[in-house]
Amino acid sequence: MVYSSRGLALLLAFCIAFITTLFLSLFRSIDVSALLVAFVISFSVSYLLIFVVLEFLIFREINKVYKLVTKLKKKELSKLDKQKPSSLNPLKTINEDIFSFAELKQKEIDELKKIEAFRREFIADVSHELKTPIFAAQGFVHTLLDGAVNDKTVRTKFLKKAAKSLDGLDILVQDLLTLSHIETGQIKMHFESIDMYKLTEEVFEQFEEKGEKRSIRLRLEGAEHKAIVYADWQRISQVMTNLISNAIKHSFDDSDVVVSFDVSKKNVVTHVRDFGEGIPTEHQARIFERFYRVDKSRSREKGGTGLGLAIVKHILDGHNTRADVVSVPAKGSTFSFKLPRIKPDSADSGDKNDHHKNDH
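The structure presented is a predicted model; accordingly, all values stated were derived computationally and were not measured.

Definitions and limits used
- Residue positions are counted from 1 within each chain, in the order its sequence is given.
- Confidence filtering applies because this is a predicted model: local features only for residues at pLDDT of at least 70, side-chain atom pairs given and counted only at 80 or more, and all residues used for totals across whole chains, interfaces and linings.
- The basis for the side-chain values is all heavy atoms of the structure; hydrogens and waters are excluded.
- Starting at the N terminus, helices and strands are each numbered in turn, a helix being any DSSP run of H or I of at least four residues and a strand any DSSP run of E of at least two.
- For each residue, the accessible area found with a 1.4 Å probe, counting protein chains only, is set against the maximum for its type, and the residue is called buried under 20%, exposed over 50%, and partly exposed in between.
- Positive charges are assigned to Lys and Arg, negative charges to Asp and Glu, while His and the chain termini are left out of the count.
- Salt bridges are counted wherever a side-chain nitrogen of Lys or Arg sits within 4 Å of a carboxyl oxygen of Asp or Glu.
- We call two residues contacting when some pair of their heavy atoms lies within 4.5 Å.
- In this scheme, strands are said to pair when DSSP sees at least two bridges between them.
- Axis angles are defined between N-to-C directions and span 0 to 180 degrees, where every axis is a line fitted to C-alpha atoms and, for a helix, only to the segment in contact.
- Here the expected span of a helix is defined as 1.5 Å times the quantity of residues minus one.
- In this description, a nonpolar core means a group of buried Ala, Val, Leu, Ile, Met, Phe, Trp, Tyr and Cys residues linked to one another through side-chain atoms lying within 4.5 Å.
- Throughout this description, a polar contact denotes any pair of N or O atoms lying within 3.5 Å of each other; where both atoms belong to protein, one of them has to be capable of donating a hydrogen while the other can accept it, and for residues adjacent in sequence the pair is counted only when both atoms sit in side chains.
- UniProt positions are given in the numbering used here, feature names are shortened, and annotations may be inferred rather than shown by experiment.
- Two rings from Phe, Tyr or Trp (for Trp, the six-membered ring) form a pair when their centres sit within 6.5 Å of each other. Planes less than 30 degrees apart are called stacked, planes more than 60 degrees apart edge-to-face, and all others tilted.

J.: Is there a simple way to explain the side chain of Arg235 in this structure?
T.: Within the secondary structure, Arg235 is located in helix H6 (residues 233-249). No salt bridge is formed by the buried Arg235; its nearest oppositely charged neighbour, Asp232, is found at 4.8 Å. Ignoring any residue separated from it by four or fewer positions in sequence, one finds Arg235 in contact with Ile187, Met189, Ile315 and His319.

Okay, structure coming up:
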């Protein structure tokens, strides 16, 4: 009782009233009834003033601090109520400081939980992706060691399959290293004037044979020498390679993969369109995550590491832009990204693109 605002107020008010009454009793002209009235008035006024001060300026704020500390111990920071700023009461200021600290810690906890969940998912995905080509190559090699090596036809066939699995493993490791280097800043962007039209022509050359096998036509639409942007040639070439490879992979046979450009005064928007299976709406927000596949079984049949679009996202982040996707199931998908346009300089850009073409 004593340790509540009411109990302390009663005790202090009684002491003040008692001392006041004793002091007044020293005056002989004051009778007992007057002393009694003085005691009651002194007690009442003292009690009200002390109770108000203790309850609203001290105990209430202390209780809030205590509740905050309790929630800090129980890690229930997400249930905190927003505090109103006050500069009149030092205890309230302390309460606000603790609240700010708790709010900051809650954000850190939430972020750590996300990172931990991502780490677990990433390790599981990497383990699974590495296991597939390793087990495949391991199976072919052990089959050969068990006696199949003596059969020339079987030997050649199994060695080719083992080599294909190991090539896939090498591509996966290289993609993981690329992603890691981009995220840690080890890969620096080298910005310059590049011609998106010519860059796309170079990428198309890499996929002509792959497209012809399925009767997929690679078409380039847009005004030549106008799609000049300020970007990193090598990284944007990697973006286009991944997007075009992805478009061919998910296109229907005997269809088109179309790259087009929307050129405005300030920007060039590059579109990569396929006419294929498309992406269901519920999956579109996650397709740029590492190893995320819409249809895991069919995606594995078509190859790929599951990191292509994640690499695209990180490279475009480094260019202060992003990739957008518009997709209709069974009709196809269009991936697009925007880069800053610069005034075309035919001579310089032509020399520069020829130089890069020789490098690649």
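Next, the rest of the story.
J.: Which parts of the structure should I look at to understand the sheet that holds strand E7 (residues 332-340)?
T.: Sheets are built from strands that pair by backbone hydrogen bonding, the pairs being arranged parallel or antiparallel. One open sheet holds the 5 strands; their spatial order is E2-E4-E5-E7-E6, and the pairing between them is mixed. A single partner strand is all that each edge strand has here, and the edge strands are strand E2 (217-221) and strand E6 (323-328). For this sheet, the mean inter-axis angle between neighbouring strands, taken without regard to orientation, is 15 degrees. Of the pairings in the sheet, the one linking strand E5 (residues 267-274) to E7 comprises 8 bridges and is antiparallel in character. By the bridge assignment for E7, Val268 is matched with Leu339. This element, helix H5 (residues 196-213), spans E2, strand E4 (256-263), E5 and E7 of the sheet and lies at about 175 degrees to E2.

J.: I tried to follow helix H1 (residues 5-25) on my own but got confused; where do I start?
T.: What sets the pattern is the α-helix's 3.6 residues per turn: residues three or four places apart point alike. Here H1 contains 21 residues, and its C-alpha end-to-end distance of 30 Å stays within 8% of the 30 Å for a straight helix at 1.5 Å per residue. Listing the buried residues of H1 in full gives Ser5, Gly7, Ala9, Ala13, Ala17 and Thr21.

J.: Explain unusual backbone geometry here, please?
T.: Even without being glycine, Ser215 reaches a positive phi, approximately 60 degrees. By the secondary structure assignment, Ser215 is in the loop between H5 and E2. Residue Ser215 is classed as partly exposed on the basis of its relative accessible area of 40%.

J.: In this structure, what is going on with the nonpolar core? I would like to understand it.
T.: Looking at soluble globular proteins, one finds that nonpolar side chains tend to be buried together. Counting 47 residues, the largest nonpolar core has Met196, Ile236, Met240 and Ile244 as its most contacted members. By residue number, the principal contributor to this core is H6, which donates 8 residues. Leaving out residues up to four positions away in the same chain, Ile244 has contacts with Thr200, Val203, Phe204, Phe207, Val259 and Val272. Membership of the second largest hydrophobic core comes to 7 residues, among which are Ala9, Ala13, Tyr47 and Phe51.

J.: Hey, could you run me through the environment of Ser44 in this one?
T.: Positionally, Ser44 belongs in helix H2 (residues 32-74). Note on Ser44: relative accessible area 33%, which makes it partly exposed. Along the backbone, Ser44 and Phe14 are 30 residues apart, and their C-alpha atoms lie at a distance of 9.0 Å. Within polar-contact distance, the side chain of Ser44 engages the backbone oxygen of Val40 at 2.8 Å.

J.: Even after reading the chapter, I still don't get the environment of His250, so can you show me in this structure?
T.: Among the secondary structure elements, His250 is positioned in the loop between H6 and E4. Through-space distance from the C-alpha of His250 to that of Asp274 is 7.6 Å; in sequence the pair is 24 residues apart. At 2.9 Å, the side chain of His250 and the side chain of Glu277 are in polar contact.

J.: When you look at the UniProt feature "transmembrane region" (unreviewed entry) in the chain in this model, what are you seeing that I'm missing?
T.: If you check UniProt for "transmembrane region" (unreviewed entry), the listed places come out as residues 7-27 and 33-58 in our numbering. A helix fraction of 90% and a strand fraction of 0% characterise residues 7-27, whose end C-alpha atoms lie 31 Å from each other.

J.: Before we go on, may I ask you to explain the packing of aromatic side chains in this structure?
T.: We describe a pair of aromatic rings using the distance from one ring centre to the other and the angle between the two ring planes. Counted under the stated rule, the structure contains 10 aromatic pairs. Taking 6.3 Å as the distance between ring centres and 10 degrees as the angle between the ring planes, the aromatic pair formed by Phe39 and Phe43 counts as stacked. Here Phe39 and its partner Phe43 are both found in helix H2, 4 residues apart, which amounts to about one turn of the helix.

J.: Got a minute to help me understand the pattern of salt bridges in this structure?
T.: Two side chains bearing opposite charge may form a pair once their charged atoms approach each other closely. Evaluation of the coordinates by the stated rule reveals 8 salt bridges. Across the salt bridge formed by Asp254 and Arg217, the nearest N and O atoms sit 3.0 Å from each other. In this pair, Asp254 sits in the loop between H6 and E4 while Arg217 sits in strand E2, placing the two residues 37 residues apart along the sequence. Overall, the relative accessible area of 51% leaves Asp254 in the exposed class. When its relative accessible area of 40% is taken as the criterion, Arg217 is described as partly exposed. Residue Lys313 pairs with Asp317 through a salt bridge whose shortest N-O separation is 3.2 Å. Residue Lys313 and its partner Asp317 are located together in helix H8 (residues 308-318), separated by 4 residues, close to a single helical turn. According to the relative accessible area criterion, Lys313 is partly exposed, its value standing at 36%. Given a relative accessible area of 37%, Asp317 falls into the partly exposed group. Through salt bridges with shared partners, one network takes in Arg217, Arg219, Glu221, Asp254 and Asp256.

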